[in-house]
Every structure is written in C-alpha cells, then in structure tokens.
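Residue-level structure breakdown
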Amino acid sequence: MSSLNLDKDMQFEIKSTFAPNLNRSQTLRILEVTQNSVVIQMDRSNGRGVFPADNFHYWIKRGSLIKLNDHHKRTS
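Residues numbered from 1 in each chain as written. Predicted model: local features only at pLDDT ≥ 70, side-chain atom pairs only at ≥ 80, totals over all residues. Heavy atoms only, no water.

1. Considerations on the sheet that holds strand E3 (residues 37-42)
Rules: At least two bridges found by DSSP between two strands is the condition for calling them paired. Put simply, DSSP H or I for four residues or longer makes a helix, DSSP E for two residues or longer makes a strand, and each gets a number counted from the N terminus. What counts as an axis is a line fitted to C-alpha atoms, over the stretch in contact for a helix, and the angles between N-to-C directions run from 0 to 180 degrees. Two residues form a contact once any of their heavy atoms are found within 4.5 Å.
Ordered in space as E4-E3-E2-E1-E5, the 5 strands form an open sheet in which the pairing is antiparallel. The open sheet has two edge strands, strand E4 (49-52) and strand E5 (65-68), and neither has a second partner. This sheet shows a mean twist of 40° between the axes of neighbouring strands, independent of strand direction. Together, strand E1 (11-14), strand E2 (27-33), E3, E4 and E5 form the strand contacts of helix H1 (residues 53-61), whose direction differs from that of E4 by roughly 90°.

2. Examining the packing of aromatic side chains
As a reminder of what qualifies: Geometry of aromatic contacts follows a simple scheme: Phe, Tyr and Trp rings, the Trp one being its six-membered ring, pair when their centres are within 6.5 Å, and the pair is stacked under 30 degrees between planes, edge-to-face over 60, tilted otherwise. A simple rule labels every residue: compare its accessible area, found with a 1.4 Å probe on the protein chains alone, to the largest value its type can have, and call it buried under 20%, exposed over 50%, or partly exposed in between.
Evaluation of the coordinates by the stated rule reveals 5 aromatic pairs. Note on Phe-18 and Phe-51: the rings are 5.9 Å apart at their centroids and 45° apart in plane angle, and the pair reads as tilted. Residue Phe-18 is found in the loop between E1 and E2, and its partner Phe-51 is found in strand E4; the two are separated by 33 residues along the sequence. Comparing Phe-18 with Phe-51 shows no difference in burial state: the two are buried. Residues Phe-18 and Trp-59 carry aromatic rings whose centres are separated by 5.1 Å and whose planes lie at 80° to one another, so their mutual orientation is edge-to-face. Taken together, the residues Phe-18 in the loop between E1 and E2 and Trp-59 in helix H1 connect sequence positions 41 residues apart. The exposure classification of Phe-18 matches that of Trp-59, with both residues buried. An aromatic cluster of three or more residues is present, and its members are Phe-12, Phe-18, Phe-51, Phe-56, Tyr-58 and Trp-59.

What follows is the structure, given as structure tokens:
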C-alpha cells in the first residue's frame, strides 16, 4: 500500500475523528512539506500546525483527513 505523496497547497476535508481539530475547522491546507514534517493551516485558524509526516499519514489512512481534489468545490 503506497502512501499519498504530500505537496504544498494540497487541501483536505477534516472529519470529526481528527482529534487535533480544536477550531472545528472544515478543511486544512498544507503550507510546507519536508522529509519529516508537514506544516498545515486550518480554515478557521490563523495559526499553523506542524505534524510529523508519519502522524499526518496516520490521520489520512484512518479516514480523518480526506484529500479534496482540485475540481471539488464545497457547497455549504
């Protein structure tokens, strides 16, 4: 099973099972990816979060973060 290649500006929908979501945000965007970490910003926060890359992949595999594709537009 291959991991998703993470890239700058990728966006993810945040599910309720994503425990680090203290702002009750609906989406997050990747600001920077290094070999060991992922820097993100949530839609309802001015702050940034940093996750170990393995930890970020865990949340994706668990279904707590769902990648939004480029043509996916939220309609809420």
